[in-house]
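The residues making up each chain are set out below.
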Amino acid sequence: MRVGQAGAAAAGRGRLRRSLAACSGAALAVIAFVQAPPAHALPPEDVPAVGVDTGRFKLPIGCTISLGGLPVFYLPTDVDVQGVAPVQLGPGQQFYLSQGSGSITFPSWLTSLAPVLGIDKADAKITDLSIGASDSTPSSINIAAGEPFEIDDIAIQAGQPLKVGLPLTGTFDVGPYTAPNSGKVTLAFEHAYAEVNLKSSAGFSLPITADCKPSAGNALLTIAVGGAAGQPPAKITGAPLNFPEPASNELVGIINAPYACKVGADTLDVGIAVGAHIPLVAERGSAFSFTEASGALVIPAGTVNKLIDKGYTSASGKVTALNLAVEGGTPATQNVIPASGIAIPKTPLTRDKQITVPLPSDGTLTAGPFTPTSSATSTAVSLGSAAADLSFDGGSAAAATCGAPSPTVYLVDNPVT
């Protein structure tokens, strides 16, 4: 679930005093920034607002370490990034990747080389940390442009993994980008570059550089463009980000998609949230699945008030369908709700108070396996139609039918390798 300006400055970052690093006769530094479902039901406090995508990604990268302008060695590792973005964009709408933060962990074998040269500290200056947004303007933003991130006196402990974060405190925002008039936008980690000065207690220093690029899939998330033009800038703040560390090449996140559900003659606006651990790359000829998947039904305060104004005091029922749509893979559609449905317990309606109902209340959902088609270059999984039987004040059940969100809400859009 699934995740780049020429002249646009990165918003919301202060001077950073720690992040990247390097070690020994080659070592180094860099990095970046966004999400979190638990192993079972989604805690209501972790579910973002309707229309918000929160996530955490671990992307494989490779760093070329150079000394005196000459490459010394290539260091494979991962960048752990998290952030927040809208789930949909309007034509020409400005948008941000907000609440960004991240870290990179360098292996203990690298720091074990430090004592050979007496290296115990490092200063680092990050001059490039670029996030791309396909088909947008600009197509990429370097959030370190104009004001490099400087980190002084990074302690290097021999034989210990070196985990450095960006920023030291707070978060950063990337944007604004301007969306295209149609299609979709993929946010991606593109490049990081650091100048590192390795310092010895003996008084000498060793300047190196670290040039880091993605080594596998680098996409953070994909956002579809559609609907009305002229929408205000989308910059989200205050979203919950309580995710466990993903595996390499994995996303863990929660997307809360807007749905309009027909119940008799009425239309009710609700949110359907989905959280899971999701692979970021699909292998040709191999299937992939979401793991630890679960969801939530969100009834916003405005919809609660609408029901109260009709004289209702409680709601209950059963969710019978939540279909996932697959582009470039099979099956084309999969209903992740069990055949018996998932109960919505009787819930009192309180004016101006949102309701969040975990689906299921415990345990997980089965999502997948999805298999890329033989000719596909990417396999995308998005949220499709949903259905439920709803009852108000214990009365007879009424069918609720919810069409797929428009524009599309993507959970993941994986390259096929």
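Source: prediction; values computed, not measured.

> Honestly, the overall build of the protein chain in this entry has me stumped. Any pointers?
Within the protein chain, the secondary structure is distributed over 3 helices and 24 strands. Over its C-alpha atoms the protein chain spans a radius of gyration of 23 Å, differing by no more than 12% from the 22 Å that the globule rule assigns to 417 residues. Its C-alpha atoms put the protein chain at 80 × 40 × 35 Å along the principal axes. Looking at the protein chain residue by residue over its 417 residues, the buried ones come to 54%. A total accessible area of about 15800 Å² is found for the protein chain, and carbon and sulfur atoms account for 52% of it.

> Please explain unusual backbone geometry as it appears in this structure.
Negative phi is the rule for most residues except glycine; trans is the rule for most peptide bonds. With an omega of -5°, the peptide bond running from Thr330 to Pro331 counts as cis. In this chain, Ser406 is followed by Pro407 through a cis amide linkage whose omega measures 0°. Examined against the element boundaries, Pro407 turns out to sit in the loop between strand 23 (398-402) and strand 24 (410-415). A positive phi angle, close to 65°, is found at Asn249, a residue other than glycine. In the Ramachandran plot, Asp352 falls in the positive-phi region, its phi being about 65° despite a non-glycine side chain.

> Sorry if this is basic, but what is going on with empty space enclosed by the protein here?
Any empty space left between atoms is shown by rolling a water-sized probe over those atoms. Volume-wise, the largest cavity comes out at about 260 Å³. In this structure, the largest cavity is lined by 23 residues; those nearest its centre are Val270, Leu297, Ile344, Ala388 and Leu390. Sorting the residues of the lining of the largest cavity by element identifies strand 14 (266-279), strand 15 (288-299), helix 3 (301-309), strand 16 (314-327), strand 22 (378-392) and strand 23 as the ones contributing at least two each. Residue classes in the lining of the largest cavity are distributed as 21 nonpolar, 2 polar and no charged. Lining the second largest cavity, in full, are Ala273, Val274, Phe290, Ala293, Ser294, Gly295, Leu322, Leu324, Val336, Leu365 and Ala367. At the level of elements, strand 14, strand 15, strand 16 and strand 21 (365-372) are the ones that each hand at least two residues to the lining of the second largest cavity. The greatest single-element share of the lining of the second largest cavity, amounting to 4 residues, is contributed by strand 15. When the residues that make up the lining of the second largest cavity are grouped by side-chain class, the tally is 9 nonpolar, 2 polar and no charged.

> Teacher, can you tell me more about the pairing of strand 15 here?
Across a regular strand the side chains alternate sides, sitting on one face of the sheet and then on the other. Burial within strand 15 is extensive, with 9 of its 12 residues counted as buried. Summarising the sheet, strand 14 and strand 15 pair through 6 bridges and their orientation is antiparallel. Its bridge partner being in strand 15, Gly271 is matched across the sheet by Val298. By the bridge criterion, 3 bridges tie strand 15 to strand 21 in an arrangement that is antiparallel. Looking across to strand 21, one finds that Ala293 is bridged to Leu365. Bridge count between strand 15 and strand 20 (residues 355-359): 5 bridges; the pairing is antiparallel. The residue bridging Ala296 from the neighbouring strand is Pro358, located in strand 20.

> How should the pattern of salt bridges be read in this particular structure?
Two side chains carrying opposite charge are able to pair once their charged atoms lie near each other. Under the counting rule described, the total for this entry stands at 9 salt bridges. Between Lys199 and Asp123 there is a salt bridge whose closest N-O contact spans 3.2 Å. With Lys199 in strand 10 (residues 183-200) and Asp123 in strand 5 (residues 119-133), this pair connects stretches of sequence that are 76 residues apart. Connected through shared salt-bridge partners, Asp123, Asp153 and Lys199 make up one network.

> Is there a simple way to think about the packing of aromatic side chains in this case?
Aromatic rings considered in pairs are described by the distance between their centres and by the relative angle of their planes. Under the defined criterion, the tally for this structure stands at 4 aromatic pairs. In this structure an aromatic cluster arises from ring pairing among Phe288, Phe290 and Phe370. The side chain of Lys235 reaches across the aromatic face of Tyr96, ending 4.8 Å from its centre.

> Before we go on, may I ask you to explain a nonpolar patch on the surface in this structure?
A cluster of nonpolar residues, Val116, Leu117 and Phe204, forms a patch on the protein surface that exposes about 270 Å² of accessible area. On the secondary structure map, Val116 appears in helix 2 (residues 114-117). Of the residues examined, Val116 reaches a relative accessible area of 65% and is grouped as exposed.

> Even after reading the chapter, I still don't get the environment of Arg56, so can you show me in this structure?
Structurally, the position occupied by Arg56 is in strand 1 (residues 52-67). The exposure class of Arg56 is buried, given its relative accessible area of 14%. Sequence spacing of Arg56 and Ile299 is 243 residues, and the spatial spacing of their C-alpha atoms is 25 Å. In this structure the side chain of Arg56 is engaged in a polar contact, spanning 2.5 Å, whose partner is the side chain of Asp80.

> Can you walk me through the environment of Val409 in this structure?
Here Val409 shows up in the loop between strand 23 and strand 24. The spacing of Val409 and Ile141 is 268 residues in sequence and 24 Å in space, taken between C-alpha atoms. Dropping the residues within four chain positions of it, Val409 is found in contact with Val87, Gln88, Ile255, Ala257, Pro258, Ser382 and Leu383.

> Sorry, what's going on with helix 3 here?
Helical geometry note: an α-helix holds 3.6 residues per turn, so side chains three or four residues apart project in the same direction. Within helix 3, burial applies to Thr303, Val304, Asn305 and Leu307. Looking at the packing, one finds that the buried side of helix 3 touches strand 14, strand 15, strand 20 and strand 22.

> Explain the pairing of strand 21 here, please?
When strand 17 (residues 329-330) meets strand 21, the two strands line up antiparallel, connected through 2 bridges. Bridged to Gly329 within strand 21 is Pro372.

Calculation notes
Residues numbered from 1 in each chain as written. Predicted model: local features only at pLDDT ≥ 70, side-chain atom pairs only at ≥ 80, totals over all residues. Heavy atoms only, no water. Helix = DSSP H or I, 4+ residues; strand = E, 2+ residues; numbered from the N terminus. Rg over C-alpha atoms; globule rule 2.2 N^0.38 Å. Buried < 20%, exposed > 50% of the residue type's maximum accessible area, 1.4 Å probe, protein only. Areas by Shrake-Rupley, 256 points an atom, 1.4 Å probe, with all protein chains shown as cover. 1 Å grid on protein atoms, 1.4 Å probe; cavity = no way out; pocket = protein on both sides within 12 Å on 5 of 7 lines; lining within 4 Å. Points joined across faces, edges and corners; volume = space filled by probe spheres on them. Nonpolar A, V, L, I, M, F, W, Y, C, P; charged D, E, K, R; others polar. Pairing = 2+ DSSP bridges. Salt bridge = Lys/Arg side-chain N within 4 Å of Asp/Glu carboxyl O. Phe/Tyr/Trp six-rings, centres within 6.5 Å; stacked < 30°, edge-to-face > 60°. Lys NZ or Arg CZ within 6 Å of the ring centre and 35° of its normal. Patch = residues over 30% accessible without salt bridge, like charges linked within 9 Å, V, L, I, M, F, W, Y side chains within 5 Å. Polar contact = N/O pair within 3.5 Å; in protein donor to acceptor, adjacent residues only side chain to side chain. Contact = heavy atoms within 4.5 Å.

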